[in-house]
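Here is what each chain is made of, one letter per residue.
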Amino acid sequence: MASRADNIASNLSLANFSKATELRQRIWFTVVALIVFRFLSFVPLPGVNPQILGDLYDQTRGGVLDLFNTFSGGSLERMSLIALGVMPYITASIVVQMASALHPTLMALKKEGATGRQKLNQYTRYGTVFLCVIQGYFLATGLESYGAQSGLQAVIDPGIMFRIGSVISLVGGTMLLLWIGEQITARGIGNGVSLIIMAGIVAQFPSFASNMFEGGRTGAISAGIIIGFIVMIVGLILFISFMERAQRRLLIQYPKRATQRGMMQADRSHLPLKINTAGVIPPIFASSLLLLPLTISQFAGNSVDPDSTAGQTINTLNFYLQHGQPIYMLLYAVLIVFFCFFYTAVVFNPEETAENLKKNGGFIPGIRPGKRTSEYLDYVLTRITVVGAAYLTLVCVLPEYMIAQTGIPLFLGGTSLLIVVNVTVDTISQIQSHLLAHQYGDLIKKAKLKGRMR
């Protein structure tokens, strides 16, 4: 017979949404905050000529700037106040997370609980400001030099004052985005920074859909290709949703303990190991490393004679590292697999997990506590990481192959698709948790009223 809790969980629906006042307020706050983010993406950087930016950005299309532009919702293309987006914060948080797993001092801070996490968050913000200053300066100088080389006056009044003003504006824009993200996390629903990234990616969907269907109307794109793209996207979304929630659950058993009735009872639990422990970090790292040489060669190609040896080398490098090329896709797959194993080894420590189990008296049936448990955890984790790496490689390389075969620029690449699906699933899970808590609250109130009547 199903329990009362099972009945409540099975009856969760949008019909109960109207009764959850706090949840509706949180959702409205999140929507308004994301609207403010989209408005900020259209505020231009002071001293920049917005009419030239489109032509200037088209000349560097295909490099690492495309990745940043996708995550910022087109803010980099328009050179807005939030052109850097939240990528400096993501980079700084990844660096701090890796350092906390490798450096003894930061590792000790991580084990201090809430105080240690607060200190690590402070280091992450310092790193974000540092990266924003560096990226903002190079972005300002790049606008000046690249605009002069191409004959396009992208900066109205180039000079030291423009660089200082641009750096201050870009740092302020990124920190404002982080504050909005923190407010969404605290007063809204879902993870604020993740929702900002997802909103930037999804904002490009209308233009992509209109271009694709316009190509189908004019005959430039066949109806079969359009249907194939839609089927591929839907299939990848379902596949990602399944794999991101897939776990390898290890049975953990604890010693028998005396209950209130004097009976001895053994507690059992599970240690969930995600199939994709590394998340979306491997595709982001792989894309950045592959697109960085292409971006450098694009900027260097303007000042090099294309008929010279250096110019021919740069053109060859640009050709083989373009999206859809076999060498690009092969290197992309290899780097994804490498970063899957590398990042999983950083974020999950089998020895520490085995030691914590031993301290709490838990053990895996048939495995000795301590070193044997650590070896077994490493054995299991290595094998499920193989499955996770294969899954990430398929999801990221398949859209690249389709783009190469059809020539349609898909706005939802593998990395973007992973982020959108992950954030959506996480947000829906939090909404369901709020609805479940609301129903439990009503149940407790009814129980108290019945108790008072008795």
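Computed from a predicted model, the values in this text were never measured in an experiment. For every chain, the first residue of the written sequence is number 1, and numbering continues from 1 along that sequence. Where local features are concerned, this predicted model is filtered to residues with pLDDT of at least 70; where side-chain atom pairs are given and counted, the filter is 80 or more; whole-chain, interface and lining totals use all residues. Water and hydrogen atoms play no part in the side-chain values, which are based on all heavy atoms of the structure.

### Quick notes on helix α15 (residues 326–347)
Stage number 1. We count a stretch as a helix when DSSP gives it H or I for four or more residues in a row; a strand needs E for two or more, and each element gets its number in order from the N terminus. The span expected for a helix works out to 1.5 Å for each residue beyond the first. For α15, which comprises 22 residues, the first-to-last C-alpha distance of 32 Å matches the rise-based estimate of 32 Å (1.5 Å per residue) to within 8%.
Stage number 2. The set of residues buried in α15 consists of Tyr328, Met329, Tyr332, Ala333, Leu335, Ile336, Phe339, Cys340, Tyr343, Thr344 and Val346. Each residue is assigned to one of three classes by its accessible area relative to the maximum for its type, calculated with a 1.4 Å probe on protein chains only: buried under 20%, partly exposed between the two thresholds, exposed over 50%.

### Quick word on a nonpolar patch on the surface
Stage number 1. A residue counts toward a patch only above 30% relative accessible area and without a salt bridge, and it is joined to like-charged neighbours within 9 Å or, for Val, Leu, Ile, Met, Phe, Trp and Tyr, to nonpolar neighbours within 5 Å. Residue-level accessible areas treat just the shown protein chains as cover; the underlying method is Shrake-Rupley with a 1.4 Å probe. A pairing counts as a salt bridge when a side-chain nitrogen of Lys or Arg comes within 4 Å of a carboxyl oxygen of Asp or Glu. A cluster of nonpolar side chains, Trp28, Val31, Ile35 and Phe39, forms an exposed patch at the surface whose accessible area comes to about 460 Å².
Stage number 2. Classification of isoleucine 35 as partly exposed rests on a relative accessible area of 42%.

### Comments concerning the nonpolar core
Stage number 1. Remark: nonpolar core denotes a set of buried residues (Ala, Val, Leu, Ile, Met, Phe, Trp, Tyr, Cys) joined through side-chain atoms within 4.5 Å. Counting residues in each nonpolar core, the largest one holds 74 residues, and the members touching the most others are Val86, Ile197, Tyr332 and Leu418.
Stage number 2. For this core, the two domains that each supply at least three residues are domain 1 (18–203) and domain 2 (222–257 + 265–453).
Stage number 3. Contact definition: two residues touch when any of their heavy atoms are within 4.5 Å. Every residue in contact with isoleucine 197, bar those within four places of it in the chain, is listed here: Phe71, Val86, Ile90 and Ile419.
Stage number 4. With 16 residues, the next largest nonpolar core counts Met79, Leu84, Leu143 and Val155 among its residues. Domain start and stop positions are those given by an automatic or database domain assignment.

### Examining the packing of helix α6 (residues 87–102) against α15
Stage number 1. Contact geometry for α6 and α15: axes closest at 8 Å, N-to-C directions at 60 degrees. The orientation of α6 with respect to α15, classified from their angle, is oblique. Where α6 approaches α15, its residues Ile94, Gln97, Met98 and Ala101 are matched on the opposing element by Phe342, Tyr343, Val346 and Val347.
Stage number 2. In this classification, Asp, Glu, Lys and Arg are treated as charged, Ala, Val, Leu, Ile, Met, Phe, Trp, Tyr, Cys and Pro as nonpolar, and every other residue, Gly included, as polar. Split by residue class, the contact of α6 with α15 holds seven nonpolar, one polar and no charged. For helices, the axis comes from a line fit to the C-alpha atoms of the stretch in contact; other axes are also lines fit to C-alpha atoms, and the angle between any two N-to-C directions lies between 0 and 180 degrees. Angles are sorted into four bins: roughly parallel if under 35 degrees, roughly antiparallel if over 145, roughly perpendicular if 65 to 115, and oblique for all others.

### What about the side chain of threonine 30?
Stage number 1. Considering the arrangement of structural elements, one finds threonine 30 in helix α2 (residues 21–40).
Stage number 2. Among the residues examined, threonine 30 registers a relative accessible area of 6% and is labelled buried.
Stage number 3. Here a polar contact is recorded for every N or O atom pair within 3.5 Å, except that within protein the pair must consist of a potential hydrogen donor and a potential acceptor, and residues adjacent in sequence are included only if both atoms are side-chain atoms. Engagement of the side chain of threonine 30 in a polar contact is seen with the backbone oxygen of arginine 26, the distance being 2.9 Å.
Stage number 4. Every residue in contact with threonine 30, bar those within four places of it in the chain, is listed here: Ile184, Gly188, Ile189 and Leu195.

### Looking at the packing of aromatic side chains
Note on aromatic pairs: each is described by the distance of the centres and the angle between the planes.
Stage number 1. For this analysis, a ring pair means two rings from Phe, Tyr or Trp (six-membered ring only for Trp) whose centres lie within 6.5 Å, classed as stacked if their planes differ by under 30 degrees, edge-to-face if by over 60, and tilted for the remaining angles. For the coordinates displayed, the defined rule picks out six aromatic pairs.
Stage number 2. Between phenylalanine 239 and tyrosine 391, the aromatic rings sit 5.5 Å apart at their centres with planes inclined by 75 degrees, giving edge-to-face as the arrangement. Remark: tyrosine 391 occurs in helix α17 (residues 371–406) and phenylalanine 239 occurs in helix α12 (residues 223–244); sequence separation between them is 152 residues.
Stage number 3. Under the relative-accessibility criterion, phenylalanine 239 is labelled partly exposed at 29%.
Stage number 4. Tyrosine 391 gets classed as buried once you look at its relative accessible area, which sits at 3%.
Stage number 5. Look at phenylalanine 338 and phenylalanine 339: their rings are 5.2 Å apart centre to centre, the planes differ by 65 degrees, and that puts the pair in the edge-to-face class.

### Observations concerning the pattern of salt bridges
Stage number 1. Going through the model one piece at a time under the given rule, you end up with four salt bridges.
Stage number 2. Residue glutamate 244 is joined to lysine 274 by a salt bridge in which the shortest nitrogen-to-oxygen separation is 3.8 Å. One end of the pair, glutamate 244, is in helix α12; the other, lysine 274, is in strand β2 (residues 264–274), with 30 residues separating them in the sequence.
Stage number 3. Judged by its relative accessible area of 10%, glutamate 244 is buried.

### As for the packing of α2 against helix α10 (residues 192–202)
Stage number 1. At a minimum axis separation of 10 Å, α2 and α10 run at an interaxial angle of 55 degrees. Classified by the angle their axes make, α2 and α10 are oblique. For the pair α2 and α10, the sense of crossing is right-handed. Seen from α2, the contacting residues are Thr30, Leu34 and Phe37; seen from α10, they are Leu195, Ile196, Ala199 and Gly200. Left-handed describes a crossing in which the near helix is turned anticlockwise from the far one by less than a right angle; the clockwise case is right-handed.

### Section: the confidence of the model for the protein chain
Stage number 1. With 76% of its residues at a pLDDT of at least 70, the protein chain reaches an overall mean of 77.
Stage number 2. Scored between 0 and 100, pLDDT is the confidence that the predictor attaches to each residue. Confidence over residues 1–11 falls short of pLDDT 50; this stretch has 10 contacts with residues more than four positions distant or in other chains.

### Re the side chain of threonine 373
Stage number 1. Checked against the element boundaries, threonine 373 lands in helix α17.
Stage number 2. Judged by relative accessible area, threonine 373 falls into the buried class, the value being 3%.
Stage number 3. One polar contact links the side chain of threonine 373 to the main-chain carbonyl oxygen of arginine 368, over a distance of 2.6 Å.
Stage number 4. Residues within four places of threonine 373 in sequence aside, it is in contact with Ala354, Leu357, Ile364, Ile367 and Arg368.

### Considering α12
Stage number 1. Taking 1.5 Å per residue, 22 residues should reach 32 Å; α12 reaches 32 Å between its end C-alpha atoms and fits that length.
Stage number 2. Residues of α12 that are buried include every one of Ile226, Phe229, Met232, Ile233, Leu236, Ile240, Met243 and Glu244, and no others. Down the axis of α12, the smallest arc covering the buried residues is 130 degrees, so these residues share one side. Exposed side chains of α12 directed beyond 90 degrees from the buried face belong to Ala223, Gly224, Ile227, Val231, Leu238 and Phe242. The arc refers to the directions leading from the helix axis to the C-beta atoms.

### Notes on the environment of methionine 243
Stage number 1. Note that methionine 243 resides in helix α12.
Stage number 2. Relative accessible area serves as the criterion here: at 9%, methionine 243 is assigned to the buried category.
Stage number 3. Distance in space between the C-alpha atoms of methionine 243 and lysine 274 is 8.9 Å, their sequence separation being 31 residues.

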